[in-house]
Amino acid sequence: MKSARTCIAAAAWVFSMSVVGPAQAAAADMAASLPPLTKPDPTIQAALTRISPDNIQADIAKLVSFGTRSTLSSMDTDLPAGQGINAAADWIESAFKAISAQCGGCLEVKRDTFEEPGSTARGARIARPTKLTNVYAILHGAEKTAPWVLVTGHYDSRATDVMDSHAGSPGANDDASGVAVSLESARALSSMKLPGTIVFVAVAGEEQGLNGSKHLAHIAKEEGWPLEAVLNNDIVGGDTTPGDTLQDKSAVRVFSESVPSSATPEEQKQYLALGAENDSPSRQLARTIAELAPMYFKPTEQHPPPATPGMMRSHLVRLIPAFHPVLILRRDRYLRGGDHTSFNGEGFAAVRFTEWRENFDHQHQTLRTENGTEYGDLLKFVDFSYVANVARMNSATLATLASAPGEPQHVQVLTRALDNNTELTWEASAFAPRGTMYEVVWREPTETLWTHGRSAGAALSLKLNVSKDNVLFGVRAVDPAGHFSPAVAPVPAR
Ligand SMILES: [Zn+2]
């Protein structure tokens, strides 16, 4: 069944390129496969091979060496020299500056320092006025109108008692691993000349209540950063515990929210009416990551290259080991939150990367051994090769989106009359250079990834003989080299 559909679909894509009559066109619409417009970019492939587990190990070991990176330690005056979160912030800034020195000053390195007032209310995690510092580096793109993308991890850590600013809290996995992804992505991508802008971030205050990311997301909103994607890496160390047979080193989870937390009541109603809860901007971003991964990673045994035409790219050469994202269609894990939520709250598409299986003995734990169990977030439990794969997946996404045209704007599905067809219209983004084309993609509502697609060429509309009631549509922009934007779901218009 599946293979028959594949053959028909592959033929239909070729078919749809030629001049056909209405009946033939209808047949082609029904079966149109995802066109093989997308292909890996050799310069991105080369960047991914520069990502080094050794660099990542050195970054995480350095972050662990600060003893504690409790956000509250910024106000302590009794810590030994070189210990605490202030020393960690200084080092991260110096690391970004060292990367910048290697690319002729390509990075604008910044500190976002502010004070949280503190509260003695029950449950408050900052009791007195406390200084927080986010550190970030901007790789400015060549084109002013091109989209921005951002990668972040949190450099603060904690012990069992989140208010203890002195206890040893190495935070190797949570979340020196995520900071290492930001740093190593900056090393890998800083020599590239891309149209779009990439922001590499390390925030503080995550463990106290997402304070650092809230502050930075607010700045991004206030200053009008045209962020198309935020990638939050938190606990991406690939925990290695002797005797654990359930960890999967070939998988990383990608969490994304459904109805945007920033949606107005009117927008929420529309999501409900359309059944579009699986097509929010954050879900489209997660879907983009899942589509990019097979281009740059070898398929795994459990995840062979899909036989569907949507993944006709499986013949492509892959230089990188087996690794794949698993889309988890929820905002975050039970009882947990993360910095992507701060960006979601300001209306940005943002997802969270987290290792396949967490070991809670190695998170948020004061260092100790009890009944033969070793507690604590120690360096020895981190798999640096795993973190490198996460960094490669992040870098592939960042570089692709910073190369692609911007997302189509005002994507609409026309609903003037009751019929079994679909007419979509859209507008070009501010960044739609010569050669930009558009792809209409669709899937049945029970599918997670796009299964069908049709190129509209450079046109800003497309009619299809496919019922809008039966499938979910998206429109994305593609450049001649195959870099594509996230898809945008249409809203109804009469
Ligand atoms: Zn964390």
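Residues numbered from 1 in each chain as written. Predicted model: local features only at pLDDT ≥ 70, side-chain atom pairs only at ≥ 80, totals over all residues. Heavy atoms only, no water.

Some thoughts on the confidence of the model for the protein chain
Phase 1: The share of residues in the protein chain with pLDDT of 70 or more is 88%, and the mean pLDDT across the chain is 90.
Phase 2: Contacts from residues 1–20, a stretch scored under 50 in pLDDT, to residues over four places away or in other chains number 25 contacts.
Phase 3: The low-confidence segment residues 306–319 (pLDDT under 50) makes 36 contacts with residues lying over four places distant or belonging to another chain. (pLDDT = per-residue confidence, 0-100. Contact = heavy atoms within 4.5 Å.)

Comments concerning the sheet that holds strand 17 (residues 491–493)
Phase 1: Reading across the sheet, the four strands line up as 15-12-11-17 and stay open at both edges, with mixed pairing between neighbours. Among the strands making up the open sheet, the edge pair consists of strand 15 (461–464) and strand 17. Put simply, the sheet's adjacent strands are angled 30 degrees from each other on average, direction ignored.
Phase 2: Looking at chain direction, strand 12 (residues 422–427) and strand 15 are connected through four bridges and run antiparallel. Note that in strand 15 the partner of E423 across the bridge is K463. (Pairing = 2+ DSSP bridges. Helix = DSSP H or I, 4+ residues; strand = E, 2+ residues; numbered from the N terminus. Axes fitted to C-alpha atoms, helices over the stretch in contact; angles between N-to-C directions.)

Examining the coordination of the zinc ion
Phase 1: Coordination of the zinc ion by the protein involves H154 (NE2), D174 (OD), D234 (OD) and D234 (OD), with metal-donor separations of 2.0 to 2.6 Å.
Phase 2: Classification of the site at the zinc ion as irregular follows from its four donor atoms and the range of 55 to 144 degrees in their angles at the metal.
Phase 3: Mapping the donors of the zinc ion onto the primary sequence gives the spacing H-x19-D-x59-D. Of this pair, H154 sits in strand 3 (residues 148–154) while D174 sits in helix 6 (residues 172–189), and the two are 20 residues apart along the sequence.
Phase 4: Among the residues examined, H154 registers a relative accessible area of 0% and is labelled buried.
Phase 5: Owing to a relative accessible area of 4%, D174 belongs among the buried residues under this scheme. (Donors = N, O, S within 2.8 Å, 3.2 Å for Na, K, Ca; no water. Tetrahedral: all angles 85-135°; square planar, octahedral: opposite > 155°, others 65-115°. Buried < 20%, exposed > 50% of the residue type's maximum accessible area, 1.4 Å probe, protein only.)

Looking at the state of the cysteines
Phase 1: Counting across every chain of the model gives one disulfide.
Phase 2: The disulfide partner of C103 is C106, and the S-S distance across this bridge is 1.9 Å. Sign of the S-S torsion, about -70 degrees for the bond between C103 and C106, identifies this disulfide as left-handed.
Phase 3: Take C103: its relative accessible area is 18%, and that puts it in the buried class.
Phase 4: By relative accessible area, which is 18% here, C106 ends up buried. (Disulfide = S-S within 2.5 Å.)

Digging into the side chain of R443
Phase 1: Inspection of the secondary structure puts R443 in strand 13 (residues 437–443).
Phase 2: A polar contact is formed between the side chain of R443 and the backbone oxygen of E447, at a distance of 2.9 Å.
Phase 3: Contacts of R443, omitting those with residues within four sequence positions, involve N278, D279, R287, T448, L449, W450, T451, V471 and L472. (Polar contact = N/O pair within 3.5 Å; in protein donor to acceptor, adjacent residues only side chain to side chain.)

Quick look at the packing of aromatic side chains
Phase 1: The final tally for this structure, using the stated rule, is seven aromatic pairs.
Phase 2: Between F297 and F323 the ring centres are 5.5 Å apart and the planes differ by 50 degrees, which places this aromatic pair in the tilted class. On the criterion of sequence distance, the pair formed by F297 in the loop between helix 10 (281–296) and strand 7 (324–328) and F323 in the loop between helix 10 and strand 7 is long-range, its members being 26 residues apart.
Phase 3: F323 gets classed as buried once you look at its relative accessible area, which sits at 2%.
Phase 4: When the ring of F323 is compared with that of Y386, the centres are 5.5 Å apart and the planes differ by 85 degrees; the resulting orientation is edge-to-face. Placement of the pair is F323 in the loop between helix 10 and strand 7 and Y386 in helix 12 (residues 384–403), with a sequence separation of 63 residues. Comparing F323 with Y386, the two get one shared label, buried.
Phase 5: Lying over the aromatic face of Y375, R368 brings its terminal NZ or CZ to 4.2 Å of the ring centre.
Phase 6: One Lys or Arg, R443, reaches over the ring of W450 and ends 4.9 Å from the middle of that ring. (Phe/Tyr/Trp six-rings, centres within 6.5 Å; stacked < 30°, edge-to-face > 60°. Lys NZ or Arg CZ within 6 Å of the ring centre and 35° of its normal.)

A short note on the environment of L378
Phase 1: Relative to the helices and strands, L378 is located in the loop between strand 10 (373–375) and helix 12.
Phase 2: For the pair L378 and D239, spaced 139 residues apart in the sequence, the C-alpha separation amounts to 9.9 Å.
Phase 3: Residues contacting L378, with those up to four places away along its chain left out, are P170, A172 and L367.

Digging into the pairing of strand 11 (residues 409–414)
Phase 1: In this structure, strand 11 lies alongside strand 12, joined through three bridges in antiparallel fashion. Bridge pairing links Q409 to E427 in strand 12.
Phase 2: As paired elements, strand 11 and strand 17 share three bridges and run parallel to each other. Counted as the bridge partner of Q412 is V491 from strand 17.

As for the nonpolar core
Phase 1: If you look at the biggest cluster of nonpolar residues, it comprises 81 residues, and the most contacted ones within it are I60, F96 and F353.
Phase 2: Element by element, the count of residues in this core is highest for helix 12, at 12 residues.
Phase 3: Aside from chain neighbours lying at most four places away, what touches F353 is L231, N232, N233, D234, V236, V252, R253, V254, I289, V390, M393 and N394.
Phase 4: If you look at the next biggest cluster of nonpolar residues, it comprises 17 residues, including W148, V199, W225 and F343. (Core = buried A, V, L, I, M, F, W, Y, C linked by side-chain atoms within 4.5 Å.)

Things to note about the sheet that holds strand 3
Phase 1: Spatial ordering of the open sheet is given by 1-2-4-3-5-8-6-7, a layout of eight strands whose pairing is mixed. Two strands in the sheet have a free side with no partner beyond their single neighbour: strand 1 (107–116) and strand 7. Averaged over all pairs of adjacent strands, the angle between their axes in this sheet comes to 25 degrees, without regard to strand direction.
Phase 2: Judged from the five bridges that link them, strand 6 (residues 251–256) and strand 7 form a sheet pairing that is parallel.

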